Structure formats: C-alpha cells, structure tokens
Amino acid sequence: MTEQEKVKLIQEISEDIIRISVKDLKGKNKSDHEKAVELLARALYDFSALYLSPQSVHEEALKGTVAKVKIAFNILDRMKKTNVVVTRINT
C-alpha cells in the first residue's frame, strides 16, 4: 500500500466515524466523549485532506484543524477535572 493509499484509508475511516457519530445520535444528547471523538475524527479527516492536496493553501485549514483538536482536548480535560471533584466529594 502506497503512502497516498494509506492516507486515503485514514480519511475514509475518519469519515465513517463522523457518519456513525452523526447518524447514531440524531435527536439524542451526545456525551462529552462522543463529542470529542467526533471532533478528533473531523480534525483527522481535515488533516488527511491537506496532506492529499499539497497545492492548496493550508493556513486556514490548519487553523480549523488545530481548533478542533484543542476543543476536543478541552472537553476531555474538563471531564477529567469534573471527575476528580466528584470522586473527592464521594470519598
């Protein structure tokens, strides 16, 4: 499998994750984990699209990708902090 084929496979898998995330949760509230997974899948999809199109302007797309990854991190970090507080209260 060539490098390009591997990146296309990564892109297809991340697209499938996004599709499953959106389809399975219509009308339901997403958990924070599900939101973070979807954001990371979208960032990975965007990053693979950048990789596959080297002639495009990357600056704005990279800003969006970085923002998605930071938001996913913040969601998970907030959950961790909330978990620590709840655990301390319960003990």
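In the block above lies the structure referred to throughout.
Conventions we followed
Residues numbered from 1 in each chain as written. Predicted model: local features only at pLDDT ≥ 70, side-chain atom pairs only at ≥ 80, totals over all residues. Heavy atoms only, no water. Helix = DSSP H or I, 4+ residues; strand = E, 2+ residues; numbered from the N terminus. Buried < 20%, exposed > 50% of the residue type's maximum accessible area, 1.4 Å probe, protein only. Contact = heavy atoms within 4.5 Å. Areas by Shrake-Rupley, 256 points an atom, 1.4 Å probe, with all protein chains shown as cover. Core = buried A, V, L, I, M, F, W, Y, C linked by side-chain atoms within 4.5 Å. Salt bridge = Lys/Arg side-chain N within 4 Å of Asp/Glu carboxyl O.

A. Region of interest: the overall build of the chain. From N to C terminus, the chain includes 3 helices and 0 strands. Traced from its N-terminal end to its C-terminal end, the chain shows the element sequence α-α-α. Sorting the 91 residues of the chain into buried and exposed places 19% on the buried side. In the chain, the share of contacts with a sequence separation of at least 24, taken over all contacts with a separation of at least 6, comes to 65%. Accessible area for the chain stands at about 6,900 Å²; split by element, carbon and sulfur atoms hold 61% of it.

B. Looking closely at the nonpolar core. Core analysis: the biggest nonpolar cluster contains 5 residues, these being Ala36, Leu39, Ala72, Ile75 and Met79. At the level of secondary structure, the elements contributing two or more residues to this core comprise helix H2 (32-52) and helix H3 (59-90). Not counting the four nearest positions on each side in its chain, methionine 79 is found in contact with Asp32 and His33.

C. Examining the pattern of salt bridges more closely. Scanning all chains against the criterion turns up 7 salt bridges. In this structure, arginine 19 engages aspartate 16 in a salt bridge whose closest nitrogen and oxygen atoms are separated by 2.7 Å. You can see arginine 19 and its partner aspartate 16 sitting in helix H1 (residues 3-24), 3 residues apart, about one turn around the helix. Across the pair arginine 78 and aspartate 32 runs a salt bridge whose closest N-O atoms are separated by 3.3 Å. Within this pair, whereas arginine 78 is found in helix H3, its partner aspartate 32 is found in helix H2, the two being separated by 46 residues in sequence. Note on arginine 78: relative accessible area 44%, which makes it partly exposed. Residue aspartate 32 is classed as partly exposed on the basis of its relative accessible area of 23%. What emerges from the salt-bridge pattern is a single network uniting Lys30, Glu38 and Arg42.

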